[in-house]
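A structural walkthrough
Listed below, chain by chain, are the residues.
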Amino acid sequence: MNTVPQILNVDMRACSLRLRSLVAHTPLMHHKRLSEKYECNIYLKREDLQSVRSYKIRGALNKLLSLSSEQLSKGVTCASAGNHAQGVAHSCIYLKVHGSIFMPSNTPAQKIERVKSLGGKFVKIFLTGETYDECAETAAAYCENNNTCFIHPFDDERIIEGQATVAMEISEDLNEVDYVFVPVGGGGLAAGMGYFFHQYSPDTIMIGVEPEGAASMTAAFESGKPVRLEKIDPFVDGAAVSKVGQLTYEICREILDDIHTVAEGKVCSVLLSMYNEDGILTEPAGVLSIAALDDYAEMIKGKNVVCILSGSNNDSNRMEEIKKLADAWEGLQHYLIVRFHHNPDGLKEFFSSILGPNDYVNRIEYVRRDHGRSTYALLGIRCKNHTAYAELAVRLKSSQTEFREVKKEDFLFKYWV
């Protein structure tokens, strides 16, 4: 393996001591259900239990503590989808430093309110752009015009150093760590943790996990450098970055043993499972590491496996969307455009002869026409399982009913979900 790029003046123990006043040593929780499912020892690093409900406070506070009094007097600026913003806001009020915080316009309301609450009178919030990257451009221009210090969410030596304390705590709580699954957005957490394990536990296998709709580190690995994705899915907002950092890329390409992507629907399914079965409510990015376990089930048998549960800043208003995406990914929810014969019993015949005993229509958009011989309806149908939908499709074809399933890739799917 090549030499990992050196981060200047890294001293994990000194960093941990600096952060102790505001950063909790979070629990490393053995998870019985997941351990039994995968026949190994699964541990969850509960960064969702930090004061700002994510690991981001580590890097943010470490960065602000590294600034001079003169720099702090001019204020700081950051761009963030939410968690980094909360870390900066909490650090600002703790150090009595004024901060300007730029967040994408589609940031969940819960995260915006949390930033306001944590930062109080010391922070101002600006909503701009639809993605982190658009937001960051505006923040950078603001920094230049107002001569403030930009607190980057991931591509900064001090940010990476702060995030590395997550790995240091894991090593203190668990003697032998075989696998670590870590979420990847811009790469700051993966770079920091990987850097630590590379130095102190080189046999530990590091797996980075990205959302399928924003796999920017995967793209960087394939291209040999950070590249900007033309389009990303912002759903997993805590990890939806269109271009990873140069420094984080250089470290991650050396210390990650694998980079893996998971579908947004799978993330939703795991999130709901953690809530319903374990009473743990996270944000989508928070369960990325757990969502990857199915694809490594054989490799991790009998091993000590750590999954970083990175954050829990979820807006309750998103739960309906999360449920629909999970159902669609699990093959339970389907959307169809169906052509009916134009007669009073058209819909009635469909429901009585096509739907199975455990299928039900949970969405319908239908306009009766007073002319023509046929009309169309948009239907949302929830089935009991995969087999039930396959049987429904057979009945549709046998009845010669004209229909089309609306797939996830279709524009209409977004309209319904």
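First, a word on scope: everything that follows refers to the structure included in this document. Just so we're clear, the structure is a prediction, and the values are computed from it rather than from any experiment.

Moving on: unusual backbone geometry. Backbone geometry at R53 places phi at a positive 65 degrees, although glycine is not the residue there. In this structure, R53 sits in the loop between β2 (41–46) and α3 (56–65). When its relative accessible area of 31% is taken as the criterion, R53 is described as partly exposed.

For the rest of this paragraph, the subject is the environment of Q71. For Q71, the location among the structural elements is in helix α4 (residues 69–73). Note on Q71: relative accessible area 35%, which makes it partly exposed. Through-space distance from the C-alpha of Q71 to that of P27 is 34 Å; in sequence the pair is 44 residues apart. Engagement of the side chain of Q71 in a polar contact is seen with the backbone nitrogen of S68, the distance being 2.9 Å.

The next point concerns the sheet that holds strand β11 (residues 333–341). The antiparallel open sheet is built from four strands, whose spatial order is β12-β13-β11-β14. Edge strands, defined here as strands with exactly one partner in the open sheet, are β12 (360–366) and β14 (403–405). Sheet twist, expressed as the mean angle between neighbouring strand axes with direction ignored, is 20 degrees. Pairing analysis gives nine bridges linking β11 to strand β13 (residues 374–382), with the strands arranged antiparallel. Counterpart to L336 in the pairing with β13 is L379.

Throughout the structure, instances matching the rule amount to nine aromatic pairs. With centroids separated by 5.3 Å and ring planes inclined at 75 degrees, the aromatic side chains of F181 and Y296 adopt a geometry described as edge-to-face. With F181 in strand β7 (residues 179–183) and Y296 in the loop between α13 (288–291) and β10 (304–309), this residue pair connects regions lying 115 residues apart in the sequence. Each of the two residues, F181 as well as Y296, counts as buried. One aromatic cluster is present, built from ring pairs that chain together F102, F126 and Y142. Over the ring of F235 we find R318; its NZ or CZ atom is 4.8 Å from the centre of that ring.

Right, let's get into the pairing of strand β8 (residues 205–211). For β8, the buried fraction is high: six of the seven residues fall into the buried class. Crossover handedness for the path β7 to helix α9 (residues 188–200) to β8: right-handed. Summarising the sheet, β8 and strand β9 (residues 258–262) pair through five bridges and their orientation is parallel. Across the sheet, E210 pairs through a bridge with T261, a residue of β9.

The next thing to look at is the nonpolar core. Grouped together as the largest cluster of nonpolar side chains are 38 residues, with contacts concentrated most on L44, F181, I290, L293, I300 and V305. Among the elements of the structure, α2 (32–38), β2, β7, β8, α12 (264–278), α13, β10 and α14 (319–329) are those that each provide at least two residues to this core. When residues of this core are assigned to their parent elements, the largest contribution, six residues, is made by α12. In contact with L293, not counting residues within four places along its chain, are Y38, I42, F181, I300, V305 and C307. The next biggest cluster of nonpolar side chains, apart from the first, holds 34 residues, and it includes Y43, A167, V182 and C252.

Here we have four strands laid out as an open sheet, ordered β5-β4-β3-β6, and parallel in their pairing. Both edges of this open sheet fall to β5 (123–127) and β6 (149–150), since each of them pairs with a single strand only. Looking at chain direction, strand β3 (residues 76–79) and strand β4 (residues 99–103) are connected through four bridges and run parallel. Residue pairing for β4: C78 is matched across the bridge by I101.

To continue, consider empty space enclosed by the protein. Applying the stated criterion across every chain, the model contains one cavity of 30 Å³ or more. Put simply, the largest cavity is a space of about 320 Å³. Around the largest cavity, the lining comprises 27 residues; the ones closest to its centre are Y55, K56, G185, G238 and A239. Of all the elements in the fold, those that place two or more residues in the lining of the largest cavity are α5 (83–95) and α9. A breakdown of the residues in the lining of the largest cavity according to their chemical character gives 13 nonpolar, ten polar and four charged.

This paragraph deals with the state of the cysteines. One pass over the full model with this rule turns up zero disulfides. This cysteine, C78, is not joined by any disulfide, and C92 carries the nearest cysteine sulfur, 7.7 Å off. With a relative accessible area of 0%, C78 lands in the buried category. Just so you know, C307 is unpaired, no disulfide at all, and the nearest cysteine sulfur is the one on C40, 8.3 Å from it.

Mapped onto the elements, E250 comes out in helix α11 (residues 246–255). Each C-alpha atom of the pair E250 and K225 lies 8.3 Å from the other, and the pair is 25 residues apart in sequence. A distance of 2.9 Å separates polar atoms of two side chains, one belonging to E250 and the other to Q246.

Moving on to the packing of α3 against α5. At a minimum axis distance of 8 Å, the contact between α3 and α5 shows a crossing angle of 45 degrees. Judged on the interaxial angle alone, α5 and α3 are oblique. Considering the relative orientation of α3 and α5, their crossing is right-handed. Where α3 approaches α5, its residues K56, I57, A60, L61, L64 and L65 are matched on the opposing element by N83, H84, G87, V88, H90, S91, C92, Y94 and L95. Classifying every residue of the contact of α3 with α5 by side-chain character gives nine nonpolar, five polar and one charged.

Parameters and conventions
Residues numbered from 1 in each chain as written. Predicted model: local features only at pLDDT ≥ 70, side-chain atom pairs only at ≥ 80, totals over all residues. Heavy atoms only, no water. Helix = DSSP H or I, 4+ residues; strand = E, 2+ residues; numbered from the N terminus. Buried < 20%, exposed > 50% of the residue type's maximum accessible area, 1.4 Å probe, protein only. Polar contact = N/O pair within 3.5 Å; in protein donor to acceptor, adjacent residues only side chain to side chain. Pairing = 2+ DSSP bridges. Axes fitted to C-alpha atoms, helices over the stretch in contact; angles between N-to-C directions. Phe/Tyr/Trp six-rings, centres within 6.5 Å; stacked < 30°, edge-to-face > 60°. Lys NZ or Arg CZ within 6 Å of the ring centre and 35° of its normal. Right-handed = clockwise from strand over helix to strand, strands pointing away. Core = buried A, V, L, I, M, F, W, Y, C linked by side-chain atoms within 4.5 Å. Contact = heavy atoms within 4.5 Å. 1 Å grid on protein atoms, 1.4 Å probe; cavity = no way out; pocket = protein on both sides within 12 Å on 5 of 7 lines; lining within 4 Å. Points joined across faces, edges and corners; volume = space filled by probe spheres on them. Nonpolar A, V, L, I, M, F, W, Y, C, P; charged D, E, K, R; others polar. Disulfide = S-S within 2.5 Å. Parallel < 35°, antiparallel > 145°, perpendicular 65-115°, else oblique. Left-handed = near helix turned anticlockwise from the far one by under 90°.

These values are about where atoms sit, not about what they do.
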